[in-house]
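A structural walkthrough
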Amino acid sequence: MDPLDELRRLCLALPETTERLSHGEPTWFVRDRKTFVTYADHHHDDRLGFWCAAPPGVQEELVAEDPARFFRPPYVGHRGWLGVYLDVEVDWAEIAEIAEIVADAYRVIAPKSLVARMP
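For the structure given in this document, a descriptive report is provided here.

With that settled, consider the overall build of the protein. A count of helices and strands for the protein gives 4 helices and 6 strands. Each helix and strand of the protein, placed in order from N terminus to C terminus, yields the pattern α-β-β-β-β-α-β-β-α-α. Here the C-alpha atoms of the protein give a radius of gyration of 13 Å, agreeing with the 14 Å that 2.2 N^0.38 yields for 119 residues. When its C-alpha atoms are laid out on the principal axes, the protein stretches across 35 × 30 × 30 Å. Here the protein holds 119 residues, and 46% of them are scored as buried. When contacts within the protein are restricted to residue pairs at least 6 apart in sequence, long-range pairs at least 24 apart make up 45% of them. About 6500 Å² of surface is accessible on the protein, with carbon and sulfur atoms providing 52% of the total. With 13 positive and 21 negative side-chain charges, the protein shows a separation of 12 Å between the mean positions of the two kinds.

So, about the pairing of strand β1 (residues 17-22). Inspection of the sheet shows β1 paired to strand β2 (residues 25-30) by 6 bridges, in the antiparallel sense. Bridging from a neighbouring strand, Thr 17 pairs with Val 30 of β2. Connecting β1 to the antiparallel partner β2 that follows it, the hairpin turn spans 2 residues, and His 23 within it adopts a positive phi of roughly 55°.

Turning to the nonpolar core, a few remarks are in order. Ranked by size, the top nonpolar core spans 38 residues in total, and within it Phe 36, Val 37, Phe 50 and Val 102 carry the most contacts. When residues of this core are traced back to their parent elements, those giving at least two are α1 (3-12), β2, β3 (34-41), β4 (48-52), β5 (70-71), β6 (82-85) and α3 (96-109). It is α3 that provides the largest number of residues to this core, a total of 7 residues.

A few words now on the packing of aromatic side chains. Taken as a whole and judged by the stated rule, the model has 2 aromatic pairs. Both rings, one in Phe 36 and one in Tyr 106, keep their centres 5.4 Å apart while their planes meet at 85°; by these two values the pair is edge-to-face. Of this pair, Phe 36 sits in strand β3 while Tyr 106 sits in helix α3; the two residues are 70 residues apart in sequence, bridging distant segments of the chain. Comparing Phe 36 with Tyr 106 shows no difference in burial state: the two are buried. Where Phe 71 meets Tyr 85, the ring centres are 4.3 Å apart and the plane angle is 25°; that geometry is what we call stacked. Of the two residues, Phe 71 sits in strand β5 while Tyr 85 sits in strand β6, which places them 14 residues apart along the sequence. Since its relative accessible area comes to 12%, Phe 71 is described here as buried. Positioned over the ring face of Phe 29 is Arg 20, at 3.7 Å from the centre of the ring.

Calculation notes
- Residues numbered from 1 in each chain as written.
- Predicted model: local features only at pLDDT ≥ 70, side-chain atom pairs only at ≥ 80, totals over all residues.
- Heavy atoms only, no water.
- Helix = DSSP H or I, 4+ residues; strand = E, 2+ residues; numbered from the N terminus.
- Rg over C-alpha atoms; globule rule 2.2 N^0.38 Å.
- Buried < 20%, exposed > 50% of the residue type's maximum accessible area, 1.4 Å probe, protein only.
- Contact = heavy atoms within 4.5 Å.
- Areas by Shrake-Rupley, 256 points an atom, 1.4 Å probe, with all protein chains shown as cover.
- Lys, Arg positive; Asp, Glu negative; His and termini not counted.
- Charge placed at Lys NZ, Arg CZ, Asp CG, Glu CD.
- Pairing = 2+ DSSP bridges.
- Core = buried A, V, L, I, M, F, W, Y, C linked by side-chain atoms within 4.5 Å.
- Phe/Tyr/Trp six-rings, centres within 6.5 Å; stacked < 30°, edge-to-face > 60°.
- Lys NZ or Arg CZ within 6 Å of the ring centre and 35° of its normal.

In structure tokens:
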């Protein structure tokens, strides 16, 4: 499966989410204004992944737990954003963990009224 197609499917399933290019990469916004996920196709290094908003402490926890899969992204990492490598073994058939990371990113950025409408 194409990681971009799967990430796009997850993001666009959330209420009032739009996609457009930002800094040359597919990026997903809440109400076309606030970024919650951005694709990183070798944009800043030689890795494929995505960057997303994360609840407080999650970035540190996941990077410490599995640095081969998670990282602190440049530019936004100091704000707690999480980087997720997609060029490692990702079982898209069992996508629950990635889906939860995307949903958490949305919850961090979206207004409560939209969070309440999440599937």
